[in-house]
Amino acid sequence: MKYIVVLGDGMADEPIAALENKTPLAWAKTPNLDRLSRLSELGMVHTIPGGMKPGSDTANLAVLGYNPEKYYSGRSPLEALSIGVPMKDTDIAVRCNIVTLSEEEGPFGEKRIIDHSSSEISTEDCAVLLREVEGQLADETYQFYVGTSYRHCLIWNRGKVVELTPPHDILGQKIGQYLPEDEVLREMTEKSYHILVNHPLNLERKKKGLNPANCCWFWGAGTKPALTSFQEKTGKKGMMVSAVDLLKGIAVGAGMGVACVEGANGGLYTNYAGKVEAAVNALTRQGYDFAYIHLEAPDEMGHQGNAEKKVQAIEFLDGKVIGPLVEKMEDAGEAFRLLVLPDHPTPVRVRTHTSESVPYMLYDSTSLRRHEQSYNEEECRKTGNFVASGYRLIDKFLAV
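Residues numbered from 1 in each chain as written. Predicted model: local features only at pLDDT ≥ 70, side-chain atom pairs only at ≥ 80, totals over all residues. Heavy atoms only, no water.

Details of the sheet that holds strand β8 (residues 238–241)
Sheet strands pair by backbone hydrogen bonding; their relative direction is either parallel or antiparallel.
Phase 1 of the analysis: Spatially, 8 strands are ordered β9-β8-β10-β1-β11-β12-β2-β13 in an open sheet, and the strand pairing comes out mixed. Two strands in the sheet have a free side with no partner beyond their single neighbour: β9 (257–258) and β13 (386–387).
Phase 2 of the analysis: With 6 bridges connecting them, strand β1 (residues 2–8) and strand β10 (residues 290–295) associate as parallel partners. Across the sheet, Gly-8 pairs through a bridge with Leu-295, a residue of β10.
Phase 3 of the analysis: The strands touched by helix α11 (residues 272–284) within the sheet are β1, β8 and β10, with β10 carrying the most contacts at an inclination of about 170 degrees.
Phase 4 of the analysis: Packing of helix α13 (residues 307–331) onto the sheet brings it into contact with β1, β10, β11 (336–341) and β12 (358–364), and relative to β1 it is tilted by some 175 degrees. (Pairing = 2+ DSSP bridges. Helix = DSSP H or I, 4+ residues; strand = E, 2+ residues; numbered from the N terminus. Contact = heavy atoms within 4.5 Å. Axes fitted to C-alpha atoms, helices over the stretch in contact; angles between N-to-C directions.)

Written out as structure tokens, the structure reads:
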């Protein structure tokens, strides 16, 4: 038996008036999910432990079977693992997003976060900007490391875990009350803006109608993580297929393989075919038992507040991933289980993560069910199937 998780990041949502009061998942045209859902177990799962913030870090740990209350030590340390940052036990890793701030005259604290992803800036362009910041702000205590797209890492030697606000939580708001309380981080935030606001690359981006990547925003501080081996814990050899450093970092920390897929960028137009091929190859040719295909686009579209593009992201998941994946596994003659779910909701209305339970679909090619329910929030809720502790869902999934 082979095991595959397809994780649509932030895919769950609320009913939206423009979609005839349906969620994007219910509104989207998903013929492959529709067919499989009628042969699958459907239900709801709560991935965010009480008292913890709803994030892709805690939620994806839970989906992989790691209790976030036990294993979570911060988001940025997991990302640091994925890009090979040599963390010491005394280091603090901090996420360094390069975001778009408004550029009106006046006090720095009056500026607003316009875009947490700077128009989904490429890694190549963002690396140029980060190196400019690094050249002026880095020292023996603070070191910068290039990640993916707008997501980068700051290592703070002998630092401390401080409360910092994710930029996607405060889109459109004035930043003053959310700036770091730590004096040095606060100063670096403002200095980075003055370094980047008139950088030639940003001036060129604005001419092209793209948002400038004009400020480093620090968040997600944490200590060096220590995850139990996924294979020791489950008995399954696992492969991660994701463009996002966070997921790659979780995989590295858990001793899983990490697929490198050319053109995978975490955006709406990522290399879907390459991701499917990487997962199928891992399962059918490379001796892996378990593949985790992570798709970031539904979450990004939720953060943008764009219902139409979120629907499109879900339709891409269905047509470019679910359909080809099932076909390839069937053609290979492999018995397999497929778990489809979001990690958390990212409702278009609020443009950030929430803690509500999410719908799951569990398909087993060797044990088909028969019913008429479809895979979406309302239908999954009606089943009455509910996993209260998200990290226990994997036990159901891997059970024989």
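Thoughts on the environment of Asp-364
Phase 1 of the analysis: As for its placement among the helices and strands, Asp-364 is situated in strand β12.
Phase 2 of the analysis: Between the C-alpha atom of Asp-364 and that of Phe-336, which follows or precedes it by 28 residues, the distance is 6.2 Å.
Phase 3 of the analysis: Those residues within four positions of Asp-364 in sequence are excluded, and the remaining contacts are Met-1, Phe-336 and Arg-337.
Phase 4 of the analysis: In terms of polar contacts, Asp-364 uses its side chain to reach the side chain of Arg-337, at 2.9 Å.
Phase 5 of the analysis: In terms of polar contacts, Asp-364 uses its side chain to reach the side chain of Thr-366, at 2.7 Å. (Polar contact = N/O pair within 3.5 Å; in protein donor to acceptor, adjacent residues only side chain to side chain.)

Comments concerning the state of the cysteines
Phase 1 of the analysis: Counted under the stated rule, the structure contains 0 disulfides.
Phase 2 of the analysis: Here Cys-126 is not cross-linked by a disulfide; its sulfur's nearest cysteine counterpart is in Cys-216, at 8.1 Å.
Phase 3 of the analysis: Residue Cys-126 is classed as buried on the basis of its relative accessible area of 0%. (Disulfide = S-S within 2.5 Å. Buried < 20%, exposed > 50% of the residue type's maximum accessible area, 1.4 Å probe, protein only.)

A closer look at the packing of aromatic side chains
Phase 1 of the analysis: A complete count under the given rule lists 10 aromatic pairs for this structure.
Phase 2 of the analysis: With a centroid separation of 5.7 Å and an interplanar angle of 65 degrees, the aromatic rings of Tyr-272 and Phe-316 are classed as edge-to-face. Of this pair, Tyr-272 sits in helix α11 while Phe-316 is found in helix α13, placing the two residues 44 residues apart along the sequence.
Phase 3 of the analysis: Assessed through its relative accessible area of 6%, Tyr-272 is described here as buried.
Phase 4 of the analysis: Accessibility expressed as a relative area gives 16% for Phe-316, which makes it buried.
Phase 5 of the analysis: Joined through ring pairs, the aromatic side chains of Tyr-3, Phe-230, Phe-290, Tyr-292 and Phe-397 make up one cluster.
Phase 6 of the analysis: We note Lys-233 situated over the ring of Tyr-66; from NZ or CZ to the ring centre the distance is 4.3 Å.
Phase 7 of the analysis: Taking NZ or CZ as reference, Lys-320 lies 5.0 Å from the ring centre of Phe-316, over its face. (Phe/Tyr/Trp six-rings, centres within 6.5 Å; stacked < 30°, edge-to-face > 60°. Lys NZ or Arg CZ within 6 Å of the ring centre and 35° of its normal.)

Some remarks on the environment of Ile-155
Phase 1 of the analysis: By the secondary structure assignment, Ile-155 is in strand β6 (residues 151–157).
Phase 2 of the analysis: C-alpha of Ile-155 to C-alpha of Ala-213: the two residues are 58 residues apart in sequence and 21 Å apart in space.
Phase 3 of the analysis: Here Ile-155 is in contact with Val-85, Met-87, Asp-91, Ile-92, Ala-93, Thr-141, Tyr-142, Gln-143 and Tyr-145, once residues within four sequence places are set aside.

Side note on unusual backbone geometry
Phase 1 of the analysis: A positive phi angle, close to 55 degrees, is found at Ser-119, a residue other than glycine.
Phase 2 of the analysis: Relative to the helices and strands, Ser-119 is located in the loop between β4 (113–115) and α6 (123–137).
Phase 3 of the analysis: According to the relative accessible area criterion, Ser-119 is partly exposed, its value standing at 28%.

Here we look at the packing of α6 against helix α7 (residues 183–196)
Think of two packed helices as two axes; the pair is described by the angle between the axes and how far apart they sit.
Phase 1 of the analysis: Relative orientation of the contacting elements α6 and α7 amounts to 120 degrees, with a least axis distance of 10 Å. Here α6 is positioned oblique relative to α7, judged by the angle of their axes. You can see that α6 and α7 cross each other, and the crossing is right-handed. Contacts from Leu-129, Glu-132, Val-133, Gln-136 and Leu-137 in α6 reach Met-188, Lys-191, Ser-192, Ile-195 and Leu-196 in α7.
Phase 2 of the analysis: When grouped by side-chain class, the residues that make up the contact of α6 with α7 number 6 nonpolar, 2 polar and 2 charged. (Parallel < 35°, antiparallel > 145°, perpendicular 65-115°, else oblique. Left-handed = near helix turned anticlockwise from the far one by under 90°. Nonpolar A, V, L, I, M, F, W, Y, C, P; charged D, E, K, R; others polar.)

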